[in-house]
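# Tertiary structure, described
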Amino acid sequence: MGVIISPHRNTPSVPRKDREKDSWESLYRNVKSARPLAGCRALLAYNTVLDRVVKVDERLLSKLPKPSKSRRPRRVRDIQDFADALAFSIRRNVAVEVVCEPKVFAEISKLGPYKEQIGGQVAIIANLLSKFQRSAVIVHADRFDARAAALYRKTKALVALPSHDGMRIIPAEKFVEEVEPEAHYIFEYGTGTAFASGRAGRKNRMIACPTTPIEFQTDWEEVLPELAPLVDVAFLAGLNHMGDDYEGAFARVAEHIRLLRLGNPRITVHLELTSTQELMKLEKILDIVVRKVDSVGLNEGELRDVMDCLGHKPERGPLGQVEGMLALMGLGPKRVHLHTMGYYLCKVRGKEEPARDGMLCGALVGAAAALKGGIPGPKDLDAALRVPVSERGVDMLKAFEQVWLRQDTDELATKGYLEGFGLAAVPTKVVPEPKGTVGLGDMVSSSSLAAELAFRNPR
Ligand code: 8BR
Ligand code: GLC
């Protein structure tokens, strides 16, 4: 009587699994209280669009031709290609993005009612970060039509423009150009959706986009050296939308990176990959851009495509994934972050603990976004904290460690990093019935990196 018993240590009545989950919950709480996203100064380029989210239901599927059981169209030229691309996404249960020729794009746009929301990785990340931080984020995007600009109204996002006496910075919502809005159609399907031989294991989507390429603002290069010292991190994304002359466009991205480093040698340059069906394009992204960046973020489907391009045939699951991440690092980046359902992995050169804590922050943001079906803010993290840690995630990490290290230490599954191996891993918080999935990967990746940098370099 009167003795305080620790709930975690030396109490055989609490099963080991529960103790492990409790210790993860406490790591999550610590990361949330540290508010690591508050001070991140970020620059974002290149894509802002309008997303039109269409629900995939029986009615919509009945309007499509019978899909192939194995095709993976590289481009959508007719409605059969569209059905095949959707079937591929459902069968593999991966987020797919595919470019559609104008005629079929017009047809696709009429397939069902939609809900319009802000889209494009840059717009999503800018909205997210500006909800969490004290300072503004700077965005560069090729097109700011009136509707897209309006979607920035509640953010702290800024646009930098060259002017005769240096650089001019204005709120993003005021930067309106005379351009047509660009919309992407997001076909979101629920768990259990059946099409051809596939059945979706979880909610996911296929994104249909037009052929319109991103056009760089011609004079953006002029402001970069002056802009670079104002930020800690540059998130680059949207490279899959750089049209058919993509080699020229990627060379320009490489030049932007050179100018950023010239202006700020300490800057971290991150590339967020997205799904592309055109693997030749991905090969060029790897060759021209990935070699120049510090950090890469991607999901498991994108990693498989990267492996294909590099000629690797890795095993499924975390073992093959770490192999893939190592191959990516072989190209130059010093950090690769993989997000997947139930767990995230991060390979880093340097200390592993900040990478773990960064990912915990990313997982909270991801769960908050899934609960909300939109872009979360700091207040939404309380609800995310209450989502339990994924048991499957913990089990995957354990199994991986046993196979990889051939030992039963559970260091990764309990502590979240293997010291000296440059590997961090976290089980995430999976929301059983997410309200939405669009942009989740971008939010998870950007917040993981921004938080990691804050833990690495506390001010
Ligand atoms: P992409 O956008 O790159 O596909 O990444 C989506 C990520 O969102 C997944 O890797 C997973 O981590 C996260 N996610 C999804 Br999808 N559904 C989720 C859910 N219900 N709860 C928490 N995270 C989820
Ligand atoms: C890609 C798509 C865009 C979507 C985003 C979400 O950038 O082009 O439509 O909003 O991914 O991740």
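Before going into details, it helps to say that this report is about the structure given with it. (Residues numbered from 1 in each chain as written. Chains lettered and ligands numbered in written order. Predicted model: local features only at pLDDT ≥ 70, side-chain atom pairs only at ≥ 80, totals over all residues. Heavy atoms only, no water.)

### Here's the deal with the overall build of the chain
Check the secondary structure of the chain and you find 16 helices and 18 strands. Since a compact globule built from 459 residues should have a radius of gyration of about 23 Å, the 22 Å found for the chain is in line with a globular shape. Residue burial in the chain is summarised as follows: out of 459 residues, 59% are buried. Sequence separation of at least 24 residues holds for 74% of the intrachain contacts in the chain that already meet a minimum separation of 6. For the chain, the accessible area works out to roughly 19,600 Å², and carbon and sulfur atoms hold 52% of it. (Helix = DSSP H or I, 4+ residues; strand = E, 2+ residues; numbered from the N terminus. Rg over C-alpha atoms; globule rule 2.2 N^0.38 Å. Buried < 20%, exposed > 50% of the residue type's maximum accessible area, 1.4 Å probe, protein only. Contact = heavy atoms within 4.5 Å. Areas by Shrake-Rupley, 256 points an atom, 1.4 Å probe, with all protein chains shown as cover.)

### Details of the pairing of strand β7 (residues 166-171)
By the bridge criterion, 6 bridges tie strand β6 (residues 158-163) to β7 in an arrangement that is antiparallel. Following the sheet pairing, Val159 is matched in β7 by Ile170. In sequence, β6 turns back onto β7 through a hairpin of 2 residues. (Pairing = 2+ DSSP bridges.)

### Notes on helix α12 (residues 353-372)
Taking 1.5 Å as the rise per residue, α12 with 20 residues should run 28 Å; its terminal C-alpha atoms sit 29 Å apart, in good agreement. The buried fraction of α12 is high, at 17 of 20 residues. Just downstream of α12 lies Gly373, where phi reads positive at about 70 degrees. (Expected span 1.5 Å × (residues − 1).)

### Focus: the site of ligand 2
With respect to spatial proximity, 13 residues lie near ligand 2, and among them Asp51, Glu97, Gly120, His184 and Asp442 are the closest. Here Glu97 contributes a side-chain N or O atom positioned 2.6 Å from an oxygen atom of ligand 2. Gly120 has a polar backbone atom sitting 2.9 Å from an oxygen atom of ligand 2. Protein contacts shield 97% of the accessible area of ligand 2, which totals 310 Å² for the unbound molecule. Contributing elements (two or more residues each) for the shell around ligand 2: β2 (49-55) and α5 (121-132). For the shell around ligand 2, the per-class residue count stands at 3 nonpolar, 7 polar and 3 charged. (Near = heavy atom within 4 Å. Polar contact = N/O pair within 3.5 Å; in protein donor to acceptor, adjacent residues only side chain to side chain. Nonpolar A, V, L, I, M, F, W, Y, C, P; charged D, E, K, R; others polar.)

### Here's the deal with the site of ligand 1
In the neighbourhood of ligand 1, 15 residues make up the surrounding shell, with Arg202, Arg205, Asn299, His339 and Val431 lying closest. A distance of 2.7 Å is found between an oxygen atom of ligand 1 and a side-chain nitrogen or oxygen belonging to Arg205. With respect to ligand 1, the backbone of Thr340 contributes an N or O atom lying 3.2 Å from an oxygen atom. When isolated, ligand 1 has an accessible area of 520 Å², and the protein chains bury 95% of it.

### Focus: the pattern of salt bridges
Scanning the entire structure with this criterion turns up 27 salt bridges. Note that Asp84 and Arg71 form a salt bridge whose closest N and O atoms lie 2.5 Å from each other. A residue pair is termed long-range when its members are at least 10 positions apart, and Asp84 in helix α3 (residues 79-92) and Arg71 in the loop between α2 (58-62) and α3 qualify at 13 residues. Of the residues examined, Asp84 reaches a relative accessible area of 1% and is grouped as buried. Taking relative accessible area as the criterion, Arg71 reaches 37% and is therefore assigned partly exposed. Here Glu452 makes a salt bridge to Arg456, at a shortest N to O gap of 3.1 Å. (Salt bridge = Lys/Arg side-chain N within 4 Å of Asp/Glu carboxyl O.)

### Describing the sheet that holds strand β8 (residues 183-189)
Read across the sheet, 5 strands follow the order β3-β11-β8-β2-β4 without closing on themselves; strand pairing throughout is mixed. Every other strand in the sheet has two partners, leaving β3 (96-99) and β4 (114-119) as the edge strands with one partner each. Within the sheet, the average angular offset between the axes of one strand and its neighbour, ignoring direction, is 25 degrees. Where β3 and strand β11 (residues 204-209) come together, 4 bridges link them in parallel fashion. Across the sheet, residue Val98 finds its bridge partner in β11, namely Ala208. (Axes fitted to C-alpha atoms, helices over the stretch in contact; angles between N-to-C directions.)

### Focus on the packing of aromatic side chains
Counted according to the given criterion, the structure contains 6 aromatic pairs. Note on Phe82 and Phe187: the rings are 5.0 Å apart at their centroids and 70 degrees apart in plane angle, and the pair reads as edge-to-face. In this pair, Phe82 sits in helix α3 while Phe187 sits in strand β8, placing the two residues 105 residues apart along the sequence. One exposure class covers both Phe82 and Phe187, and it is buried. Measuring from centroid to centroid gives 5.9 Å for Tyr114 and Tyr185, while their planes differ by 80 degrees, and the two rings are edge-to-face. (Phe/Tyr/Trp six-rings, centres within 6.5 Å; stacked < 30°, edge-to-face > 60°.)

### Remarks on the packing of helix α9 (residues 279-289) against helix α10 (residues 300-310)
Where α9 meets α10, the closest approach of the two axes is 10 Å, and the angle between their N-to-C directions is 80 degrees. Here α10 runs roughly perpendicular to α9, going by the angle between their axes. Taking contact as the criterion, the partners of Leu279, Leu282, Glu283 and Leu286 in α9 are, on α10, Asp305, Val306, Asp308, Cys309 and Leu310. (Parallel < 35°, antiparallel > 145°, perpendicular 65-115°, else oblique.)

### A few points about the packing of helix α1 (residues 16-34) against α12
For the pair α1 and α12, the least separation of the axes is 9 Å and the interaxial angle reads 85 degrees. By the angle between their directions, the pair α1 and α12 is classed as roughly perpendicular. Contact with α1, carried on its side by Trp24, Leu27, Tyr28, Val31 and Lys32, involves Arg356, Asp357, Leu360, Cys361, Ala363 and Leu364 of α12 and no other residues of that element. In the contact of α1 with α12, the residues fall into 8 nonpolar, no polar and 3 charged.

### Brief notes about helix α11 (residues 317-329)
If you check α11, its first and last C-alpha atoms are 19 Å apart, about what 13 residues at 1.5 Å a residue would give, namely 18 Å. Within the span of α11, buried status applies to Pro318, Gly320, Gln321, Val322, Gly324, Met325, Ala327, Leu328 and Met329.

### Observations concerning the side chain of Ser448
One can find Ser448 in helix α16 (residues 440-456). Here Ser448 is in contact with Arg335, His337, Gly358, Met359 and Gly362, once residues within four sequence places are set aside.

### A word on the nonpolar core
Core analysis: the largest hydrophobic core is formed by 123 residues, its most contacted members being Tyr46, Val139, Tyr152 and Leu328. The leading source of residues in this core is α12, at 11 residues. Counting 30 residues, the second-largest nonpolar core is a separate cluster that includes Leu60, Phe82, Leu86 and Ala87. (Core = buried A, V, L, I, M, F, W, Y, C linked by side-chain atoms within 4.5 Å.)

Purely spatial values, then, with no claim about function.
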